Amino acid sequence: MAAISKYLTAKNSSIAGGVLLLLYILKQRRRASQLNCKKGSALVQKNDKEGKKERAAVDKLFFLRIYRILRIMTPRFLCMETGYMVLIAVMLVTRTYCDVWMIQNGTMIESAIIGRSAKDFKTYLMGFLKFIPAIALVNNLLKLGINELKLRFRERLTQYLYDQYLQGYTYYKMGNLDNRISNPDQLLTQDVEKFCNSVVDLYSNLSKPLLDIGLYIFKLTSAIGAQGPTIMMAYLIISGLFLTRLRRPIAKMTVAEQRYEGEYRYVNSRLITNSEEIAFYNGNLREKQTIHSTFQKLVDHLHKFIFFRFSMGFVDSVIAKYIATGVGYLVVSRPFLDLSHPRHLHTSQSELMEDYYQSGRMLLRLSQALGRIVLAGRDMTRLSGFTSRIAELMNVLKELNAGKYERTMVTQQEKGPGSVSEKIALVPGSGRVINADHIIKFDHTPLATPNGEILIKDLSFEVMSGANVLVCGPNGCGKSSLFRVLGGLWPLFGGELTKPERGKLFYVPQRPYMTLGSLRDQVIYPDTFEDQNRKGISDQVLKEYLDNVQLGHILEREGSWDMVQDWMDVLSGGEKQRMAMARLFYHKPQFAILDECTSAVSVDVEDFIYSHCRTVGITLFTVSHRKSLWKHHKFFLHMDGRGNYEFKPITEETVEFGS
């Protein structure tokens, strides 16, 4: 026991613990990779898709992605972002020289204390006190530059992404046509902020150590020779490669963390959006279960991530900080411990002490700078995760704006041999859209959902201005799908569609959207006050629109067109539907799609609305189950839900159906 106990020192125990922890990490990674290989055969398709999403590492692709994004955040060579980057670089250089001066001045103060020279002590201390304001200014200018650069990068990238996201119907297509990104709100807000912060932090955290390394190598080479800095650089390369290899899972873990965060935010937002429906169903316990399970997935992943970061933090601290400091001590001690070294053959004790303090502190700062470079690899690996997500968002936005989307399509096996879509090859966007005024014409156009389910194999009919059409049929027959194709929300899978250009076709849903803003904004949406003035429409005309739908009392109650309220809550269901009709009168489109939009409106008001639309020349496509509306239409389009339809004029012999 005595022979064994003499080896059980604190030092040996620490070394053994570190080695065991490192072996454990490597073993866990090997076990995880083997487990993934076993699961791979059963989940090939799913893993391929997720692998494309989660590919994140510090490689050539990462640098191409970061270069592409940086070109967006710094669009020109001479811009404010470049100016702040220069400011940060200049302040980093200045702070490095301040550090060198502090080392030299601190050494002189300590030498004066040891040499008991009151005069020298006061001289160097006063120099230090005079220099304090300049050092404080440099440090705070550096912080100012970093914070401003983070904000400006975020502003540039956010504006670019929202320009792409809100171009045309891209915001709709991302959530309803394409299924590659399930949480764009998370990407556009939190991930953009974290990415910009990580980029700027990496720039400052890399620039300062690189400047320190260059300056201290120059100073130390002239002081103790080139061998010492060379040994330190060799240690940097070896330790950096080793730690980079160990950190590789951080990028995937970062991507997974942001995805789980997005899913957790999504289920909470669904609860808020659909709170009324959930309350009617007494679904609080079921929603609680959904939220808890989603949150638990996030927590489980974060537990793994925290332990992995703890393990890597231990290894990073040992290799990048403490061993690097030890290597620095070994290098700086060589000329002092070598009694035959020519540098110190004729040096006094005080000069030897001063030289050691100065060289030792510079070499210590060099080792610390090398350690920060090695640790910056950890930040770069985490940044690659954010970069992967932002790059994926940019690629999806680009493809959606080009008319391409990816979605799980309904296969022939899923459809069955007797389905409508049998033996029809579907290519999204293969149909031709022709813009023409005062006509809507479907010419041999298949009516299909974005995932390839065909509702009507061959749809053909023509409507000219002035001929209102009543669209009817059971639920799920394709009424809303027809309007989504007509509005350009869904792609055309073949044939030709002739319709007015965007802006001359207006859609009024059953649950109208009330925007954030004033009472005027509710009537003129999506126009602005400037658009209203440009069209020459006065507030008096807007008042007439409200009177036409019996909403004039709202203006009298609120007292001003500029009154801002939460109109979704202030207006009742019927008032919102009538406000949507006032909005329709304001825009005066050639065609309007009314999707059960008068279900909460009385019959007499409904009659006036349809008569007024005919008077001002608005042609209507109406979805409704009310028999009272047949008299306002010239044609009806009936879909039976089994792939058949009929488009016929309404005559005295036509059998009206509905309630």
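Scroll up to find the structure.
In this report, we go over the structure that sits alongside the text.

What counts and how
- Residues numbered from 1 in each chain as written.
- Predicted model: local features only at pLDDT ≥ 70, side-chain atom pairs only at ≥ 80, totals over all residues.
- Heavy atoms only, no water.
- Helix = DSSP H or I, 4+ residues; strand = E, 2+ residues; numbered from the N terminus.
- Buried < 20%, exposed > 50% of the residue type's maximum accessible area, 1.4 Å probe, protein only.
- Contact = heavy atoms within 4.5 Å.
- Areas by Shrake-Rupley, 256 points an atom, 1.4 Å probe, with all protein chains shown as cover.
- Pairing = 2+ DSSP bridges.
- Axes fitted to C-alpha atoms, helices over the stretch in contact; angles between N-to-C directions.
- Expected span 1.5 Å × (residues − 1).
- Core = buried A, V, L, I, M, F, W, Y, C linked by side-chain atoms within 4.5 Å.
- Phe/Tyr/Trp six-rings, centres within 6.5 Å; stacked < 30°, edge-to-face > 60°.
- Lys NZ or Arg CZ within 6 Å of the ring centre and 35° of its normal.
- Salt bridge = Lys/Arg side-chain N within 4 Å of Asp/Glu carboxyl O.
- Parallel < 35°, antiparallel > 145°, perpendicular 65-115°, else oblique.
- Left-handed = near helix turned anticlockwise from the far one by under 90°.
- Nonpolar A, V, L, I, M, F, W, Y, C, P; charged D, E, K, R; others polar.
- Patch = residues over 30% accessible without salt bridge, like charges linked within 9 Å, V, L, I, M, F, W, Y side chains within 5 Å.

Some remarks on the overall build of the protein
Right, on to step 1. If you tally the helices and strands in the protein, you get 22 helices and 12 strands.
Right, on to step 2. Split into buried and exposed, the 659 residues of the protein put 42% on the buried side.
Right, on to step 3. When contacts within the protein are restricted to residue pairs at least 6 apart in sequence, long-range pairs at least 24 apart make up 79% of them.
Right, on to step 4. Summed over its atoms, the accessible surface of the protein is roughly 35600 Å², and 58% of this surface lies on carbon and sulfur atoms.

Examining the sheet that holds strand β4 (residues 469–472)
Right, on to step 1. One open sheet accounts for six strands, arranged β6-β9-β10-β4-β11-β12; its pairing is mixed. The two strands at the open ends of the sheet, each matched to only one other strand, are β6 (505–508) and β12 (645–649). Strand-to-strand twist in this sheet, taken as the mean axis angle between neighbours without regard to direction, amounts to 15°.
Right, on to step 2. Across four bridges, the pairing between β4 and strand β11 (residues 635–639) is parallel. Bridged to V469 within β11 is F635.

Comments concerning helix α5 (residues 80–114)
Right, on to step 1. Between its first and last C-alpha, α5 extends 50 Å over 35 residues, near the 51 Å set by a 1.5 Å rise per residue.
Right, on to step 2. Taken from the residues just after α5, R116 is the one with a positive phi, measuring 55°.

Some details on the nonpolar core
Right, on to step 1. Core analysis: the largest hydrophobic core is formed by 69 residues, its most contacted members being L157, F195, F442, L482 and F621.
Right, on to step 2. Excluding residues that lie within four positions of it along the chain, F195 makes contacts with I66, I69, M73, L157, L383, F386, T387 and I390.
Right, on to step 3. Formed by 35 residues, the second largest nonpolar core is a distinct cluster that contains I554, W561, A592 and C613.

Structural notes on the packing of aromatic side chains
Right, on to step 1. Under the counting rule described, the total for this entry stands at 12 aromatic pairs.
Right, on to step 2. With 5.0 Å between their ring centres and 40° between their planes, Y264 and F295 make a pair best called tilted. Here F295 lies in helix α12 (residues 284–337) and Y264 lies in helix α10 (residues 249–273), a separation of 31 residues in the sequence.
Right, on to step 3. Owing to a relative accessible area of 25%, Y264 belongs among the partly exposed residues under this scheme.
Right, on to step 4. Measuring from centroid to centroid gives 5.8 Å for W630 and F636, while their planes differ by 45°, and the two rings are tilted.
Right, on to step 5. Residue classification places W630 among the buried residues on the basis of a relative accessible area of 2%.
Right, on to step 6. The class for F636 is buried, based on a relative accessible area of 6%.
Right, on to step 7. Through successive ring pairs, a cluster of aromatic residues spans F442, F461, F635 and F647.
Right, on to step 8. Note that R259 overlies the ring of Y260, its terminal NZ or CZ placed 5.1 Å from the centroid.

A closer look at the environment of G106
Right, on to step 1. When you line up the elements, G106 lands in helix α5.
Right, on to step 2. By relative accessible area, G106 is classed as buried at 17%.
Right, on to step 3. The spatial distance from the C-alpha of G106 to the C-alpha of F128 is 8.4 Å, given a sequence separation of 22 residues.

Here's the deal with the pattern of salt bridges
Right, on to step 1. This model, assessed by the stated rule, comprises 23 salt bridges.
Right, on to step 2. Among the ionic pairs, R156 bridges to E81, the shortest N-O distance being 3.0 Å. Taken together, the residues R156 in helix α6 (residues 118–165) and E81 in helix α5 connect sequence positions 75 residues apart.
Right, on to step 3. Residue classification places R156 among the partly exposed positions, given a relative accessible area of 26%.

Focus: the sheet that holds strand β2 (residues 439–448)
Right, on to step 1. Spatial strand order, β1-β5-β2-β3: four strands in an open sheet with mixed pairing. With partners counted over all chains shown, the strands left at the sheet margins are β1 (432–435) and β3 (454–464), one partner each. Each strand axis lies, on average, 20° off the axis of its neighbour in the sheet, ignoring direction.
Right, on to step 2. Across four bridges, the pairing between β1 and strand β5 (residues 496–499) is parallel. Paired with R432 across the two strands is E496, which belongs to β5.

Observations concerning the environment of F647
Right, on to step 1. Locating F647 in the fold gives a position in strand β12.
Right, on to step 2. Considered as a pair, F647 and E462 are 185 residues apart in the sequence and their alpha carbons are 9.2 Å apart.
Right, on to step 3. If sequence neighbours within four positions are ignored, F647 has contacts with F461, E462, V463, V469, F635, F636 and L637.

Observations regarding the environment of G240
Right, on to step 1. With respect to the secondary-structure elements, G240 resides in helix α9 (residues 227–246).
Right, on to step 2. On a C-alpha basis, the gap between G240 and I373 in space is 8.2 Å, while along the polypeptide they are 133 residues apart.

Considering the pairing of β3
Right, on to step 1. By the bridge criterion, seven bridges tie β2 to β3 in an arrangement that is antiparallel. Looking across to β3, one finds that T445 is bridged to L459.
Right, on to step 2. Remark: five residues form the turn of the hairpin made by β2 and β3, two consecutive strands paired antiparallel; G452 in that turn has positive phi of roughly 95°.

Details of the packing of helix α21 (residues 573–587) against helix α22 (residues 603–616)
Right, on to step 1. Running from amino to carboxyl end, α21 crosses α22 at an angle of 10°, the nearest separation of the two axes being 11 Å. One element, α21, and the other, α22, form an angle in the roughly parallel class. As for how α21 packs across α22, the hand of that crossing is left-handed. Within the contact between the two elements, α21 uses R578, M581, L584 and F585 and α22 uses V605, I609, H612 and C613.
Right, on to step 2. When the residues that make up the contact of α21 with α22 are grouped by side-chain class, the tally is six nonpolar, one polar and one charged.

Re a nonpolar patch on the surface
Right, on to step 1. Together, F314, V318, Y322 and I323 make up a nonpolar patch on the protein surface, roughly 350 Å² of accessible area in all.
Right, on to step 2. Take V318: its relative accessible area is 30%, and that puts it in the partly exposed class.

Section: unusual backbone geometry
Right, on to step 1. Between Y525 and P526 the backbone carries a cis peptide bond, its omega angle lying at 5°.
Right, on to step 2. Looking at the secondary structure, you find P526 in the loop between α16 (519–524) and α17 (529–535).
Right, on to step 3. For H444, which is not glycine, the phi dihedral falls at a positive 50°.
Right, on to step 4. Here H444 lies in strand β2.

Things to note about the side chain of T170
Right, on to step 1. In this structure, T170 sits in helix α7 (residues 170–176).
Right, on to step 2. If near-sequence neighbours (up to four positions away) are discounted, T170 is found in contact with Q164, Y165, L397, L400 and N401.

A look at the packing of helix α18 (residues 539–548) against α21
Right, on to step 1. Look at α18 against α21: their axes get within 9 Å of each other, and the N-to-C directions meet at 135°. Relative to α21, α18 is oriented oblique. Here the hand of the crossing between α18 and α21 comes out right-handed. Residues L542, Y545, L546 and N548 of α18 form the contact with α21, whose own contacting residues are M579, A582, F585 and Y586.
Right, on to step 2. By residue class, the composition of the contact of α18 with α21 is seven nonpolar, one polar and no charged.

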